[in-house]
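The chain contents come next:
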Amino acid sequence: MKRNFKKLPLLFIFILFLVAPQVLDNYFIYLLNLFFIACIISMGLNILTGFAGQVSLGQAAFFGIGAYISSLCVIKLGLPFWLSLPLGGVMGAVISLVIGLPALKVSGYYLALVTLAFNEIVNLIMIHWKNMTNGTDGLTIPSPKLGDFVFSTDGSKYYIIFLLAFFLFIAARNILRSKTGRAFISLKDSEVASQCIGVNLAKYKIIAFMISAFYASLAGGLHGIALSYIHPQDFSLFRSIIFLMVIVIGGLGTPGGPFIGAALFTLLPEALGKFQEYQELIYALILLGSIIFLPSGLIKLPGRIITVANRVSPKRQKSMPPA
Amino acid sequence: MFFEVRNLSVNFGGVRALSHVSLDVQKGEVHSIIGPNGAGKTTFFNVISGLIKPDSGSIIFDGEEIGHETPWGISCKGIARTFQNSQLFITMTALENVVTGMHNHTRSGVFSSALAVPKFRREEAEVLQKAERLMEFVGLKGWERYPSSSLAFGQQRLLELARALATNPKMILLDEPVAGMNYEEKQRLALLLVKIKEEMDITTLLVEHDIKWVMQVSDLISVLDYGEKIAEGNPEEIRNNERVIEAYLGKRRTLA
Amino acid sequence: MLLQVIVSGIIVGSIYALVALGFILIYKGTNIMNFAQGEMVMISAYFGLMYHIYYKMPYLAAFILTLLTAGICGILIERIVCRPLLKSPVMSVIIATIAVSIIIKNIARLVWGSIYYPFPSPFSLTPYHLGPIMITPKDIGTIVITLILLGMLYYLLQFTKIGAAMLATASNQKAASIMGISIKRVFSLTWAISFGLASAAGFLLAPQVSITPEMGDIVIVVFTAAVLGGLESLTGAVVGGVLLGIVGNLAGFYISTAFKDVVSFLILITILMFKPSGLFSRGAMRKA
């Protein structure tokens, strides 16, 4: 009986999101699509950076790799979306070995540089490989089809995006609660002790990179579907930085952080409206502010407020457990 | 011989951390290593656990040469360790630390975890139970759900011990296990070592500064000074050994 | 023709060298990798623009004033951003300096817009012919100014008390503070000098590329130069910068201009993978 109650809020949220498109305006559905895509990337990056402790400024590259591969499979090979999406994801995971292997030798600043360079190279390839990617003209993507049904509206696309996002969410949550998740956290907390317990450092660093690349690539494929158009500018170094920003501001290494960050990232451009051109600046200022004042992220903000409130009005001491 | 170290030497850019150290440990023994600060004791442990590669010499464990193994390889062979400065997984709870210790004895891979298949769920339940029993064994019952960083220092050492035991080792290396403990805790740990030897059939190699405690728990004691082994024997022999006394009280040194 | 390419490579490389030097100075001195170095170059170019064009100051005066303004900015950034983060993990610092770079770039965009501002050089552009190569007084001026600045820095570090304090802090912070050196002051000074070097580079670079907020994007070349030289070596940074200038030009000439960018990144990844300690270091020290 207890177990069923635990799953109730999740079920409730699932149903809520499931019926959302029926009642919401098209514009909001479009926003939700972007939100879920942002969530997927954030979850993947959270596993890599928040839990396994590996810095990566290259996530936009995988976002782009997934977008281009998935779209090109549809355009040039005529594959259906439900094949091209996972294909993009798998390719992304395989390519992630390019930065996963150097990650075994370097960490911290050096790793940041490697991933930065990787992102720039991939971006340059996207711009210059005109035959495949159409370069700076961008690529127009046809709507996904299932048999005779065409997913042409935001509402129909919503279901593809939401269901995949939800599935990936459950998978991520399960992974983090398992042996693999513990291995990641142990790597971040104490590489030395982790190894001496028997965690194969190399293997788990690579797994972390592959999982986050898989997530980012899938998100990229969905991005292509949602916007029906992709452009190398979407996958620049700056994008990578925003992805990192998003989870840092939301709360690195926390279960809820990625979603707050993703919400902020999706809503902010809309909330700014006329002040769009200040967008980057505002992001960067929020980021700087949160790094300096709230390093554990916005998600800890309520907790912080409560702690401060407690200090002002002392409560009873918690009783100690039996010896 | 269960565990042998032959002529082990380690240099750090000109500084001789360990110089031709040889050691024998019998199965089931409690073998202590003592010596003044800087004698190379922790370096010795770091080499055995694979964190540092020796410049020369060999380490043979249960018949196998392990001198050039990776740390995780050594863990698989059955050697576990604790650390001088607490290396707990601080973002995890106490129980999770111990559960992580069972890493090599859980089979579930990334995919079965992601999909939470029944086999994975069963394994998680088993592992949780075993971890709880280990925490009880070391005397930390009740502290399972607490963040590991909230434990007192002496308790943290016990937690590291539980985590090391979770790897199901044949031999454990304890680096200053009683540092920061009061008299009762030290006595309890001494009893625990006996239990570990008799109930779990685990050999113990330890490094410690508390000479009295070392004399109490050890079967055999080796003494290091300036990276060399200068004496070896049972507690009685070491207590009266001239060279050992000189190493600790000599003109250039302060009491350990 | 090859010689010409190499010579131009040396010229542009000397500008890279200045920036790389500033970058290493901060890394060696304060253990921070400053991802905003490129933006420092860019914003200094704008300072120069203001002083020289808008306020119509003579070149030399504008140059010196830019250096001073840059120095002050360096101190400000160190105080506001780096001090609070002294005890934070590496990741926070990376993110912070990246955030700073984005902030600076956007301030430039908002204040001056995205148009190209041309910047004149006081040296003439008519080339001399030195055998097979053509070299302009501007190029010579660039090299001369670079050498002067390098010389001044060398003098500072080797022959003055302040320089000794900086070197001491760089090699062992704890020991330096025990000896009575104010670490905080050294940090501020390090950032000020680094920003100053970046500003000089900005001044020299501006006539060549025209001033835009995107000027700072050359920074990836600088990172590569710094890593090439080994992040612990100041001379390495200089050599790395010049080397990359040459290699980049060669790649641009023989392969294609697009490839010029890729080359830096490829070199960066290769070095980081196989010899992270750079070409000029003695190899990684063993951890005790």
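All of these numbers come straight from a predicted model, not from anything done at the bench.

As a further point, take the overall build of chain B. Helix and strand counts for chain B stand at 10 helices and 10 strands. On C-alpha atoms alone, chain B measures out to a radius of gyration of 19 Å, which is about the 18 Å that the 2.2 N^0.38 rule sets for 256 residues. With the C-alpha coordinates aligned to their principal axes, the bounding extent of chain B is approximately 65 × 40 × 35 Å. Put simply, 66% of the contacts in chain B that link residues at least 6 apart link residues at least 24 apart.

For the rest of this paragraph, the subject is the overall build of chain A. A count of helices and strands for chain A gives 15 helices and four strands. Going through the 323 residues of chain A one by one, you find that 52% of them count as buried.

Moving on, we get to the sheet that holds strand β1 (residues 3–12) of chain B. Residues and elements named next belong to chain B. Pairing is antiparallel in the open sheet, where four strands are placed in the order β2-β1-β4-β5. One side of each edge strand has no neighbouring strand; the edge strands of this open sheet are β2 (15–25) and β5 (64–65). Bridging between β1 and β2 involves seven bridges; their strand directions are antiparallel. Each residue of the ladder has a partner; that of Glu 4, found in β2, is Asp 24. Docked against the sheet, helix α1 (residues 41–48) engages β1, β2 and β4 (56–61), running at close to 65 degrees with respect to β2.

Moving on, we come to the interface of chain A and chain C. With 28 residues of chain A in contact, the opposing surface of chain C contributes 29 residues. Residue assignment for the side of chain A that touches chain C shows that the elements contributing at least two residues are α6 (109–128), α12 (237–250) and α14 (279–293) of chain A. Broken down by class, the residue content of the side of chain A that touches chain C amounts to 23 nonpolar, two polar and three charged.

Residues of chain B with pLDDT of at least 70 account for 97%, and the chain-wide mean is 86. Scoring of the predicted complex yields 0.83 for pTM and 0.86 for ipTM.

Moving on to α1(B). Given 3.6 residues to a turn, an α-helix orients residues that are three or four positions apart in the same direction. Residue and element names in this part refer to chain B. Burial analysis of α1 places seven of its eight residues in the buried class, the great majority of the element. Taken residue by residue, α1 has Lys 41, Thr 43, Phe 44, Phe 45, Asn 46, Val 47 and Ile 48 as its buried positions. Two residues or fewer past α1, Gly 50 is found with a positive phi of approximately 90 degrees.

Residues and elements named next belong to chain B. Split by domain assignment, chain B resolves into domain 1 (1–78 + 173–179 + 204–256) and domain 2 (82–168). Residue-level contacts link seven residues of domain 1 with seven residues of domain 2. Of the residues contributing to the side of domain 1 that touches domain 2, the split by class is three nonpolar, two polar and two charged.

What follows concerns the packing of helix α2 (residues 26–51) of chain A against helix α8 (residues 154–176) of chain A. All names here are of chain A. Viewed as axis vectors pointing N to C, α2 and α8 meet at an angle of 20 degrees, and their least axial separation amounts to 9 Å. It follows from the interaxial angle that α2 and α8 lie roughly parallel. Once α2 is placed against α8, the crossing between them reads as left-handed. Two secondary-structure elements touch here, α2 through Asn 26, Ile 29, Tyr 30, Leu 32, Asn 33, Phe 36, Ile 37, Cys 39, Ile 40, Met 43, Ile 47 and Phe 51 and α8 through Asp 154, Gly 155, Lys 157, Tyr 158, Ile 161, Phe 162, Ala 165, Leu 168, Phe 169, Ala 172 and Leu 176.

Looking at chain A as a whole, the pLDDT averages 83, with 88% of positions reaching at least 70. Per-element mean pLDDT across chain A ranges from 65 in helix α15 (residues 301–312) of chain A up to 92 in helix α11 (residues 201–227) of chain A.

Let us look at the packing of helix α5 (residues 137–159) of chain C against helix α8 (residues 183–209) of chain C. All names here are of chain C. In the contact formed by α5 and α8, the axes pass within 11 Å of each other and the chain directions differ by 175 degrees. Relative to α8, the element α5 lies roughly antiparallel. Packed against α5, whose contacting residues are Lys 138, Thr 142, Ile 145 and Leu 149, the element α8 presents Leu 197, Ala 200, Leu 204 and Pro 207 at the interface. Counted by class, the contact of α5 with α8 contains six nonpolar, one polar and one charged residues.

This paragraph deals with the sheet that holds strand β9 (residues 220–225) of chain B. All names here are of chain B. With respect to topology, six strands assemble into an open sheet ordered β6-β7-β8-β3-β9-β10, the strand pairing being mixed. For this open sheet the edge positions go to β6 (79–81) and β10 (228–233), each flanked by a neighbour on one side alone. The average undirected angle you get between the axes of adjacent strands in this sheet is 20 degrees. Relative to strand β8 (residues 203–207), strand β7 (residues 171–175) is paired through five bridges, and the arrangement is parallel. Within β8, the position partnered with Leu 174 by the bridge is Leu 206.

Basis of the calculations
Residues numbered from 1 in each chain as written. Chains lettered and ligands numbered in written order. Predicted model: local features only at pLDDT ≥ 70, side-chain atom pairs only at ≥ 80, totals over all residues. Helix = DSSP H or I, 4+ residues; strand = E, 2+ residues; numbered from the N terminus. Rg over C-alpha atoms; globule rule 2.2 N^0.38 Å. Contact = placed C-beta atoms within 7 Å. Buried ≥ 20, exposed ≤ 12 C-beta atoms within 10 Å, placed from the backbone. Pairing = 2+ DSSP bridges. Axes fitted to C-alpha atoms, helices over the stretch in contact; angles between N-to-C directions. Nonpolar A, V, L, I, M, F, W, Y, C, P; charged D, E, K, R; others polar. pLDDT = per-residue confidence, 0-100. Domains from an automatic or database assignment. Parallel < 35°, antiparallel > 145°, perpendicular 65-115°, else oblique. Left-handed = near helix turned anticlockwise from the far one by under 90°.

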